[in-house]
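Understanding the architecture of this molecule
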Amino acid sequence: MVKKLLLLLMLFSVLASAYAQKRTITGTVTDKGTNETMPGVTVIVKSNPSNGTITGPDGTYSLEVSENAKFLVFSFVGMQKVEKAIGDQTKIDVALASDTESLDEVVVVGYGTESKRLLTSSISDVSLREIEEVPTANIDEALQGKTAGVRINSNSGTPGGGISVRVRGMSSISAGNSPLYVVDGIPIITGDQGQVGFSGQNIDALSSINPSDIESISILKDASAAAIYGARATNGVVLITTKQGKAQKTKINARASFGIEQMWNKPDLLNSEQWLEYQNDLTGNNINPGIDTTNTDWIDEVTQIAPISNYEVSAAGGNDKTKYFLSGSYFTRKGIVKSTAFDRLSGRLNLDHRFNDKLNFGANISLSGSENNRVEGDQSLHAPLAVAISLPPTYPVYNSNGEYDQSGPYANPVPIIEDAVNKANAFRTLGNAFMEYKIIDGLKFKTNWGYDFYMLNEHSYDPPTTRQGNQTNGMGFETFSRSSNFTSNNTLNYIKAFGEHNINLLGGYSFEKYNRVSSFIKGVEFPHEYLEYLESAATIQDAYASVNETGTNSYFGRFKYNYQYKYILALTGRYDGSSRFSDNYRYGFFPGASVAWRISEEAFMEDIDFLSELKLKGGFGITGNDRIGSFRSLSLYTAANYAGVAGIMPVQIANPDLKWETTYQSDIGLTAGFLDDKITVDISYYLKKTKDLLLDRPLPPSSGFTVLSDNIGEMENQGVELTINANIIEDIWSVNFNISHNKNKVTKLYNGQPIEDIGRGNQRIAEGEPISHFYGYNALGVDPSTGYMVFEDVNNDGQLTDADRTIIGDPHPDFIGGFTNTVNYKNFELNVLFQFSYGNDIFNATRIYTESLGVSGDNQSTNILDRWQNVGDQTDVPLATTTPNPVTKIYNNVESSRFIEDGSYLRLKNLSLGYKFDQQVLDKLGLNSLKVYFSAKNLLTFTKYSGLDPEVNYAGNDDVVMGVEFFTYPSVRTFTFGINIGI
């Protein structure tokens, strides 16, 4: 018994001694070249490789070691391995040096970061440092031409207007094609929030965010990367990381820029003499222009050279415990169309506090207010630019008594600009608070709570001095909308190194609650032109109010494993529930898997010195889409007026089997680095197949309803992407080139029935064809004997009918891309970005009117000077006539291939030249940095397109109407001078 007790005492003594001999080592790992903290660094005990950990997102680590442990080993891909003696230390900080000339980058991925070399998925990362020299109102605009597989179009030159972004093509017809935007881990409100229609001149919620507050952007392009966001990731995910403070003495940066914008392409229209000659030809009259004939240049009357300016100040600093970033900015931009403008005032505060070795918390918050002054556009007969193009020059701005002349076929645009009021005031609060707690070594819990609040008020008034306001003695609108999105993400993350085995486990739960309240009211009959608010309206013509709430909740996880940094596996999954579907299909599971083999790390590659990196990667994933109207699966009722008695009536039939659109995407790619990564090449091929498209299918009239929301279509996209980065002359000249090809095809529709006559381009959706191809008559040219257009008789039945319409164009480009050159020589910096689109068609719907040759009363393009006038004339412009072809009964300006044009273009998107003052000057001035620069945007455009701009689209960010210009507000050319000061 005594022996047993002695043995137990000895055992407890040994265990206690062993426990007492253990201690915890903590520290921070930084990059020696940049002093930035390094996440993902492996830290192991040299004598016991199974005892290890990985540094967290802030570069810190904590590792429990035994007393007899002598050395710690720090390793990271692309960095030199470091051994540190432990001794009696409990805190060991390490700075790793680059193993090559170029530093290995860390890329933001869903709910974390990853070494760029260890990526298994297609993720593009963009640093936005260069936007400091190209002031812009919109985040998306700063991304144009910078990443493969992402097509970005400035649909309108309207200040603060919307931009369309398509990641690897279009995956939906009615449920949205824009990517999900996530700022500092929180999904945000995006899209057009306005209620007063201005034909493509959207009020984009993204314009309320200051691009200069952004540190970096990652775009998750393939499903294996995006599946971690599940139901909202079909169209890709844009992860935005804002600037954070650093452990340093406070640094203050101030920036100011001033510039002008101008119309880069003015339309060539007839002057009065040419117009009257054309009218003589059209009517057979003989009108003498005369000396005193009015010759108004309506374009000059409504456009201007407009100023643009931007002012910013920021401060960043902190210590080992607390770090902060604080910024404020004022951006103002006038439009080239008079009375259009966008002004934004914004501020941001980002805080991060380390309470102790286990607890870290912080908050990011931004506030912004903006005012958007617009004028009607595109499709409206009261749009200044549209009527300036359309009004013949023979009409004056003012009549003989000094009042606005309204005798023309369209409204005089000058009083619309000077007297009409169209203001949209937006206020946004976007913020999140987070806490991260280290439970044990390698295991951390993080909770992140975010709130996005967006409020918009639109005020519109047309006084009697405008033609539209004169019809009702004044007309006014007032709208209000309030949108909020409340989000919570909660994750457990376990990171551990077991010798040469590294694992990263993530599990989490999130939920979102979206709420939108909106109201609209319209009044007419105002007693005086200066009384513009609805309290003065004698009659309220229309009013409504509505509320909409939706919600999602999700469970997600990710497993990452790599062996020797050579063989890498990533598995993700997300289980999403959406209030938009019934209980039958409310939840969907969206998995993803990807692998990578770093061939360059194999022993047989050691003697291939010129090849610094070679990685083969591939993946597959499933993502979803629920972006349809709320409660489409339910029976819905609305209020009705039955002879003055309130009641209800059904408006929607239930479909409890309505479910998610689902996209299946596979991806394979190769990444190579040459000459110590002086040249890197990344090429990828992908195939996306979307099933269960959410569409309305027709119902028999006997049902009492016309349509039912259902899953009745399929679509696919396949494409290739290529990115090349080259450091041609070290620290002097670097180049980035990207090009991508995407082919879209609709593979299934309800009963094979095409969807036709979409928008002004007569676009069509049909099986076996790209979405929204142009469909109309094929114009064969002008008959020299009659002057009428000749159209193809497709079915050879001797007559022209709808059956002879055919595919006449495709708005999708064959290739898109960008080419950036960055040159640093002594104190000078030059950055040149070319952006291009090749192979896409544009339907120039403006020409239907400006080359109508008699069907309308519009002013005409100078192209009609080459019109057919005599028998035997060889030309592609028909005769001037108000009648259709007497044989075919078809007008010359019918929607046809006559108005299809090649929309390819090469654009010098950005050019900036800066000068950094050297240290001697800075020391005298007491500054840390000083830079002056000049930048130009849209400086040159090379295109065969005859319209105002090859990039615009009259329908804005529409899902199916694309590639159509119709009197659209064009992109602008901008020249800017600026100064950046660091204190």
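Read on for an overview of the structure. (Residues numbered from 1 in each chain as written. Predicted model: local features only at pLDDT ≥ 70, side-chain atom pairs only at ≥ 80, totals over all residues. Heavy atoms only, no water.)

To continue, consider the overall build of the protein chain. Counting secondary structure elements, the protein chain contains 9 helices and 51 strands. Taken against the 2.2 N^0.38 rule, which gives 30 Å for 983 residues, the C-alpha radius of gyration of the protein chain at 32 Å falls within 12% of a compact globule. On the principal axes, the C-alpha backbone points of the protein chain span a range of 130 × 75 × 65 Å. Looking at the 983 residues of the protein chain, the share that counts as buried comes to 55%. Taking the contacts inside the protein chain whose residues are at least 6 apart along the sequence as the reference set, 69% of them involve residues at least 24 apart. About 41,400 Å² of surface is accessible on the protein chain, with carbon and sulfur atoms providing 56% of the total. Side chains of the protein chain carry 82 positive and 112 negative charges; the gap between the two charge centres is 11 Å. (Helix = DSSP H or I, 4+ residues; strand = E, 2+ residues; numbered from the N terminus. Rg over C-alpha atoms; globule rule 2.2 N^0.38 Å. Buried < 20%, exposed > 50% of the residue type's maximum accessible area, 1.4 Å probe, protein only. Contact = heavy atoms within 4.5 Å. Areas by Shrake-Rupley, 256 points an atom, 1.4 Å probe, with all protein chains shown as cover. Lys, Arg positive; Asp, Glu negative; His and termini not counted. Charge placed at Lys NZ, Arg CZ, Asp CG, Glu CD.)

It is worth spelling out the pairing of strand β30 (residues 636-642) at this point. When β30 meets strand β31 (residues 645-652), the two strands line up antiparallel, connected through 7 bridges. Within the sheet, the bridge partner assigned to A640 lies in β31 and is G647. (Pairing = 2+ DSSP bridges.)

Within a sheet, each strand pairs with its neighbour through backbone hydrogen bonds, oriented either parallel or antiparallel. The 5 strands lie next to each other as β10-β15-β16-β13-β14, forming an open sheet whose pairing is mixed. The sheet is open, and its two edges are formed by β10 (123-127) and β14 (186-187), each paired on a single side. As paired elements, β10 and strand β15 (residues 214-220) share 5 bridges and run antiparallel to each other. When the sheet's bridge partners are listed, S127 is paired in β15 with S216.

Let us look at the environment of M435. Within the fold, M435 resides in strand β22 (residues 421-440). For M435, a relative accessible area of 31% puts it in the partly exposed group. Sequence separation between M435 and N210 is 225 residues, and the spatial gap between their C-alpha atoms is 25 Å. When residues no more than four places from it in sequence are discounted, the contact partners of M435 are L359, N360, F361, F445, K446 and T447.

Attention now moves to the sheet that holds strand β43 (residues 806-809). Judged by pairing direction, the sheet is antiparallel, and its 4 strands sit side by side in the order β38-β39-β40-β43 without closing on themselves. The open sheet has two edge strands with one neighbour each: β38 (755-758) and β43. Taken pair by pair, the neighbouring strands of this sheet meet at an average axis angle of 45°, ignoring direction. Pairing of strand β39 (residues 763-765) with strand β40 (residues 773-776) involves 2 bridges; the strand directions are antiparallel. (Axes fitted to C-alpha atoms, helices over the stretch in contact; angles between N-to-C directions.)

This brings us to the environment of I86. Relative to the assigned elements, I86 resides in the loop between β6 (82-85) and β7 (94-96). Once the C-alpha coordinates of I86 and F71 are considered, the two residues, 15 residues apart in sequence, prove to be 5.4 Å apart. For I86, the contacting residues outside a window of four places in its chain are R23, I25, A69, K70, F71, L72 and I92.

What describes a pair of aromatic rings is the distance from one ring centre to the other and the angle between the planes of the rings. Throughout the structure, instances matching the rule amount to 35 aromatic pairs. Each ring, one from Y509 and one from Y555, has its centre 5.0 Å from the other, and the planes form 45°; the classification is tilted. In this pair, Y509 is assigned in strand β25 (residues 501-524) and Y555 in strand β26 (residues 539-563), connecting sequence segments 46 residues apart. Their ring planes at 75° and their centres at 6.5 Å tell us that Y954 and F966 sit as a pair that is edge-to-face. In this pair, Y954 is assigned in the loop between β49 (929-943) and β50 (964-965) and F966 in the loop between β50 and β51 (972-982), connecting sequence segments 12 residues apart. Residue Y954 is classed as buried on the basis of its relative accessible area of 5%. Above the ring of Y664, the side-chain terminus of K691 is found at 5.4 Å from the ring centroid. Sitting above the plane of the Y775 ring, R764 keeps its charged end 4.1 Å from the centroid. (Phe/Tyr/Trp six-rings, centres within 6.5 Å; stacked < 30°, edge-to-face > 60°. Lys NZ or Arg CZ within 6 Å of the ring centre and 35° of its normal.)

Moving on to the pairing of β49. In this sheet, β49 lies alongside strand β48 (residues 905-916) in antiparallel orientation, the contact comprising 11 bridges. Opposite R907, over in β49, you have T941 as the bridge partner. Alignment of β49 against β51, held across 9 bridges, turns out to be antiparallel. Pairing of S929 across the sheet is with G982, part of β51.

Turning our eyes to something else, we now look at helix α3 (residues 272-283). The end-to-end C-alpha separation of α3 is 16 Å, in line with the 16 Å expected for 12 residues at 1.5 Å each. Along α3, the positions that sit buried rather than exposed are S272, W275, L276, Y278, Q279, N280 and L282. Among the residues trailing α3, G284 stands out with phi positive, at a value near 85°. (Expected span 1.5 Å × (residues − 1).)

A word on the pattern of salt bridges. Tallying each qualifying case throughout the model produces 41 salt bridges. With a closest N to O distance of 2.6 Å, D452 and R428 form a salt bridge. Here D452 is found in strand β23 (residues 443-462), whereas its partner R428 is found in strand β22, with 24 residues between them in sequence. For D452, a relative accessible area of 0% puts it in the buried group. According to the relative accessible area criterion, R428 is buried, its value standing at 1%. (Salt bridge = Lys/Arg side-chain N within 4 Å of Asp/Glu carboxyl O.)

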